[in-house]
Amino acid sequence: MVRTLGMGALVALSLLAVPAVAAARLDDAARARRCQAAKLAAVGRYQLCLADAEAHAVMQQTQPVVARCDRQLRRRWEKAERRGGGTCPTTSDLARVRLASTRHGARIASQLGAVRTTGTCSGVPFAYSYMVTNRATPFATAKDAVVPGAPGSLTFWTASGAYQSSDPQSTYTEVTETVFLERLQADLALAASAGRLHLGLYVHGLGNLFTEALAEAAAFGCALERSGQWPGLLIGFSWPSYDLFDSAYYYASSGPPPPPLTPQTSGTIRDNVLGSRQSFDALVQLLGSRVVAPSATPVTLSFLTHSEGNYMLMTGLAALTQPAQVDRCLMLAADVSAVSLQSGEQGAAIAATCAEVTVYYSGADETLGSSNYEFFPYHRSDYPTRLGLIGPYYGFLPPKALAPNVVGLDCSSVTVAPAVASIIDVHSSYRTVPAILRDQAETMLSLPHPKRHAISGTSQGFTLAP
């Protein structure tokens, strides 16, 4: 038997159908909103991807590669549309998003380009300032916390702007080795002269906490560019030095020669230097293998070391695990024995590693005169006088002949007033006196030295005229 619906039943069914249709419409609207939200989220990720590509391009000095970003955006939109069941189809939206985001990325890139000309040393084109350290706790100030990290360890720091010296603890941030090298290589590409790129590594002396080391390296780099007209890029290495008071009080625990490479030592200035040798070796190898060797343009690598930083240079190069090649070593106000660079002496690794060594010294250096007196028990008793005070010995017969690639430059004539305000400023004046800065630039660029005059009786000794 076939049953038929009465009028009342039909009315009831029609009343039920109205909310079902409305519910279906509401469900479609919800799916459309979810689809649009997913698309907007994909656009946000797309813009981040573009910004990352632009930043990488700025560091590498190349055109940004955005194909990966385009593929990711298309996949995310297609997935959102499938879930939306056709409620938010793409017509020309995707092309408009790409165009708008690319234009936005171009604006970001132009702003990044503008950053390259700013910084403490305005007008210098480098995008970043650079520091490497092996301090276990870089910004520590208490003496017991200023110690080397694990043997061979390094941390990498950059700040926006060229030679940034203002508020280092806020402006410098730790980055990965990869990011550090990417930024360094991009900036180094701007440090060209006569078909070569020029990279300098500055190693500070004692009395420098990490904040002071950051500011000092930045100021020195800026001075080399401004007064010296050096186009190169200066970066820094900061070993764990104490502040000035603790550096003087905790200078050393024993006299020379240094102990074996292991175990690592710490507890005094010179112990901290000796405990930093593996890390210094790691940095030398890193610069050689990851910066100098792969560069399509030849790189001139120079080391500039001040005061106790020369002890770091001497002991660090003596502990190299693999031979290395440094083009220029400029030893400023060296607080090591004046005989260090003679044949067979403790600094033999400097002459062996550095193609050319220049010793900048001054008889007016009151700080090194005090070092002679105050720290005599920790210096060589047979040749205690400081290299930065009297320069390398000249004219010794073998086996004490001066290594042939070593030059001594007496700066006594220019480390006086008005270039240097006080005798206590002589020790640091190698980073500020224009005549010395120009000579340093000429040395690193292999240019003639018009202000040098030969010292009678030697072919390796010179004086620097004002």
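Our structure is the block above this text.
Parameters at a glance
Residues numbered from 1 in each chain as written. Predicted model: local features only at pLDDT ≥ 70, side-chain atom pairs only at ≥ 80, totals over all residues. Heavy atoms only, no water. Helix = DSSP H or I, 4+ residues; strand = E, 2+ residues; numbered from the N terminus. Buried < 20%, exposed > 50% of the residue type's maximum accessible area, 1.4 Å probe, protein only. Contact = heavy atoms within 4.5 Å. Areas by Shrake-Rupley, 256 points an atom, 1.4 Å probe, with all protein chains shown as cover. Pairing = 2+ DSSP bridges. Core = buried A, V, L, I, M, F, W, Y, C linked by side-chain atoms within 4.5 Å. Salt bridge = Lys/Arg side-chain N within 4 Å of Asp/Glu carboxyl O.

J.: Where do I start with the overall build of the protein chain in this structure?
T.: Regarding its fold elements, the protein chain presents 14 helices and 12 strands. The buried share of the protein chain, reckoned over its 466 residues, is 49%. Taking as baseline every contact in the protein chain between residues at least 6 positions apart, the subset at least 24 positions apart corresponds to 76%. Just so you have it, the protein chain exposes about 20,900 Å², and 59% of that area is on carbon and sulfur atoms.

J.: Mind showing me how you'd approach the pairing of strand β1 (residues 128-133) here?
T.: Within a regular beta strand, the side chains point alternately toward one face of the sheet and then the other, so they alternate between its two faces. When you tally the buried positions in β1, you get 6 out of 6 residues, the bulk of the element. Of the two faces of β1, the one carrying Y128, Y130 and V132 and the one carrying S129, M131 and T133 are both buried. Of the strand pairs in this sheet, β1 and strand β2 (residues 155-160) are connected by 6 bridges, and their pairing is antiparallel. Counted as the bridge partner of M131 is W157 from β2. Pairing of β1 with strand β6 (residues 233-238) involves 3 bridges; the strand directions are parallel. For T133, the partnering residue across the bridge sits in β6 and is S238.

J.: What exactly am I supposed to notice about the nonpolar core here?
T.: One broad rule of soluble globular proteins: the nonpolar side chains tend to lie buried together. By size, the foremost hydrophobic cluster in this structure holds 103 residues, and its most contacted members are Y163, L184, L199 and F237. In terms of residue count, helix α6 (residues 210-226) provides more of this core than any other element does, 9 residues in total. Listed in part, the 8 residues of the second largest apolar core include C49, L50, C69 and W77.

J.: Hey, could you run me through the pattern of salt bridges in this one?
T.: Should the charged atoms of two oppositely charged side chains come close, the side chains can pair. A full pass over the atoms with the stated rule returns 11 salt bridges. Of the charged contacts, one joins E345 and R380 as a salt bridge, the two residues approaching to 2.4 Å between their closest N and O atoms. Remark: R380 occurs in the loop between α12 (366-374) and α13 (387-390) and E345 occurs in the loop between β8 (326-332) and α11 (348-353); sequence separation between them is 35 residues. The burial state of E345 is the same as that of R380; both residues are buried. Close ionic contact of E345 with K400 constitutes a salt bridge, the shortest N to O distance being 1.8 Å. A residue pair is termed long-range when its members are at least 10 positions apart, and E345 in the loop between β8 and α11 and K400 in the loop between α13 and β10 (406-410) qualify at 55 residues. For E345, a relative accessible area of 10% puts it in the buried group. Through salt bridges with shared partners, one network takes in E345, R380, D382 and K400.

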